[in-house]
Amino acid sequence: MVEKRYEGSRGVKMAKKPKAKVRQQTSKNLRRNLLIIPSIVLLAKFIWIAAMPGHGLLGADGENYLSALDGLIKDGFTSDARNLHYWPAGYPLLMWPIAALFKSQLLPVVAMIQSILYFLGSIYFVDQLRVTRLARFAVPTSLILALNPTLSMNSVAIGYETPTAALLLIAMASLIRHFNSTERKPRSRDVIIGSISFSLATFMQPRLIIIAFISLLIWGFATQAKKSLLAFVVISFVIVAIAPGIMIIRNQQAMGFTSISTNLGTTMFIGIGDEATGGYNGKYNGVPCPAAEKGNEAQVDSAKVKCAILWDLKNPGKFFKLAISKAIFFWSPWFGPVANGTMARNPWLRIDPFKNMATTQEGANTVFGGTGKLVSWLWLIGQLFLLFYGFRYLWRADGLERLLGLNTFSAVVLNWLISIGTIGDHRFRIPTMGLSLFLQIVGFMALFGGKSRLLGSQSPLHWKTFERNANLQP
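Everything quoted here is computed from the prediction, not taken from an experiment.

Colleague: Looking at this structure, I do not really get the pattern of salt bridges. What am I missing?
Modeller: Two side chains carrying opposite charge are able to pair once their charged atoms lie near each other. Going through the model one piece at a time under the given rule, you end up with 9 salt bridges. With a closest N to O distance of 3.8 Å, Asp 398 and Arg 402 form a salt bridge. The structure contains a network of salt bridges with shared partners spanning Asp 61, Glu 161 and Arg 427.

Here it is as structure tokens:
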């Protein structure tokens, strides 16, 4: 066999590298590139935390979480502090051991831990993209997740939003890794890690349990045979249910009622009624509910939930109108004439050029006038278009990519629907924001990415193959 050679400029004979080695080297280079910007951003956050007054920030509900934490420090796990049962107790419970260890340094330590968690969630997710046919999307996704000012900067604030976003990224990445493993066992490490991530996210925000169960159910049906599907569902669901179970047990011991929290009814009442707007920018007196006038807080909350659902059913026209408003509020910008929600403490707003422009009368006329409304609506519609286009692209790609698209898209839409069922608030989209940004990046690059629109050669299996493997069809 004659080896092909060519003469270099210095007369050195060189042989072509085997394709497998070239691909391996390319993969290593890509993995290294995925770490550069997120690592720089993490270091910058640490410097920022050290430099800012108080070495930490409070999110929208920061004071409520700290008040609940004070109750735990004073009276222990069964504290009857109202914020521990009105708000979900998971986030304060996670801060409790940090407060015990670091005491006066709580804010900076929480800020650093949350920043590290977001860093790990982001790089784990994009690293798993690297081994799919979506490898070309890994670097842009890494850059956007690291540099998105609202999602990334909120990791330094006291609040559940960015930590839950990071945990959902870890969960999705674990499911990708589970798919790519040689044996997709229901008791695999990846399934357990993904389920624990979903559970911790649910611990901080119970409504995410719907996303967890649906995501795991989709994944189980797509990857498991009939014999192992039940084991997959039982194992993953039980792990996810541990977190809300702890909060129910705590409230039972502390307050004597069985409930995760007691604020759902109040939240739903803000979003309904003849004078409601669906958000906080109007009157939100709820609706008449005689059953909510007596009983403990859990009973009152339950009565309000039932009254809210009954009002929606009896007033379909008003419900639909409010649902449209809530849907818009959920995707509204963080600032401007269309903005609606509880993100006034968004760290990005400190340097947002549009908000700074509005400090003068002329600038305010521009930002809140016709130009500002046009920009806001283009931004809102644009992100929704890219979201749906990205999902369409992944669905048409088939294989693992279709499954990933279905899981990420369903998580975003479920979170959206939950907001429509309660109250329209742009802050509510942050937990699934990492997933929605991924879909929007795919959509953008599918439209304008040139060669990057093409999928790589990995992950050759197709959706029909999943169905045959899982015995979902004859």
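Next comes the rest of the write-up.
Colleague: Even after reading the chapter, I still don't get the state of the cysteines, so can you show me in this structure?
Modeller: A covalent bond between the sulfur atoms of two cysteines is what we call a disulfide. Per the counting criterion, the structure on display carries 1 disulfide. Bridging Cys 289 to Cys 307, the disulfide has an S-S length of 2.1 Å. Taking the sign of the S-S torsion, about 75° here, the bridge from Cys 289 to Cys 307 comes out right-handed. One end of the pair, Cys 289, is in the loop between α12 (264–270) and α13 (297–314); the other, Cys 307, is in helix α13, with 18 residues separating them in the sequence. The same class applies to Cys 289 and to Cys 307, which are both buried.

Colleague: Is there a simple way to explain the packing of aromatic side chains in this structure?
Modeller: Ring pairs (aromatic) are described by centroid distance and by the angle formed between their planes. Across all of its chains, the model carries 14 aromatic pairs by this definition. The interplanar angle of 75° and the centroid separation of 5.3 Å between the aromatic rings of Phe 330 and Trp 331 together place this pair among those described as edge-to-face. Comparing Phe 330 with Trp 331 shows no difference in burial state: the two are buried. Arranged with centres 5.1 Å apart and planes meeting at 55°, the rings of Phe 444 and Phe 448 form a pair that is tilted. Of the two residues, Phe 444 and Phe 448 both sit in helix α19 (residues 433–448), 4 residues apart, roughly one turn of that helix. Three or more aromatic residues link up through ring pairs in this structure, and these residues are Phe 388, Phe 391, Trp 395 and Phe 409.

Colleague: I'm lost on the packing of helix α18 (residues 399–421) against α19 in this one. Help?
Modeller: Each pair of packed helices gets described by two things: the angle between the helix axes and the distance between those axes. It is at 9 Å that the axes of α18 and α19 come closest, and there the two elements cross at 130°. If you check the angle between α18 and α19, you find them oblique. The interaxial crossing formed by α18 with α19 has left-handed handedness. Residue-level inspection shows Leu 404, Thr 408, Phe 409, Ala 411 and Val 412 of α18 in contact with α19, the latter providing Leu 435, Ser 436, Phe 438 and Leu 439. Class assignment for the residues of the contact of α18 with α19 results in 7 nonpolar, 2 polar and no charged.

Colleague: I tried to follow the environment of Gly 399 on my own but got confused; where do I start?
Modeller: Relative to the assigned elements, Gly 399 resides in helix α18. A relative accessible area of 0% means that Gly 399 is categorised as buried. Measuring from C-alpha to C-alpha, the distance between Gly 399 and Thr 132 comes to 9.9 Å, with 267 residues separating the pair along the chain.

Cut-offs and rules
Throughout this description, residue numbers start from 1 for each chain and increase along the sequence as written. Since the coordinates come from a predicted model, pLDDT governs what is reported: local features require at least 70, and pairs of side-chain atoms require 80 or more to be given and counted, while whole-chain, interface and lining totals use all residues. Side-chain numbers here rest on the full set of heavy atoms in the structure, without hydrogens or water. The term salt bridge refers to a pairing of a side-chain nitrogen on Lys or Arg with a carboxyl oxygen on Asp or Glu at a separation within 4 Å. To count as a disulfide, a pair of cysteine sulfur atoms needs to be within 2.5 Å. Think of it this way: any DSSP run of H or I at least four residues long counts as a helix, any run of E at least two long counts as a strand, and we number them from the N terminus. Using a 1.4 Å probe on the protein chains alone, a residue whose accessible area is under 20% of its type maximum counts as buried, one over 50% counts as exposed, and one in between counts as partly exposed. Two rings from Phe, Tyr or Trp (for Trp, the six-membered ring) form a pair when their centres are within 6.5 Å of each other. A pair whose planes differ by under 30 degrees is stacked, one over 60 is edge-to-face, and the rest are tilted. To get an axis, a line is fitted to the C-alpha atoms, and for a helix only the part in contact is used. The angle between two axes follows their N-to-C directions and goes from 0 to 180 degrees. What sets the label is the angle itself: under 35 degrees gives roughly parallel, over 145 gives roughly antiparallel, 65 to 115 gives roughly perpendicular, and the rest give oblique. Handedness of a helix crossing follows the sense of rotation of the near helix relative to the far helix, less than a right angle counterclockwise being left-handed and clockwise being right-handed. Two residues qualify as a contact provided that any one of their heavy atoms is within 4.5 Å of a heavy atom in the partner residue. Throughout, the ten residues Ala, Val, Leu, Ile, Met, Phe, Trp, Tyr, Cys and Pro are labelled nonpolar, Asp, Glu, Lys and Arg are labelled charged, and all others, Gly among them, are labelled polar.

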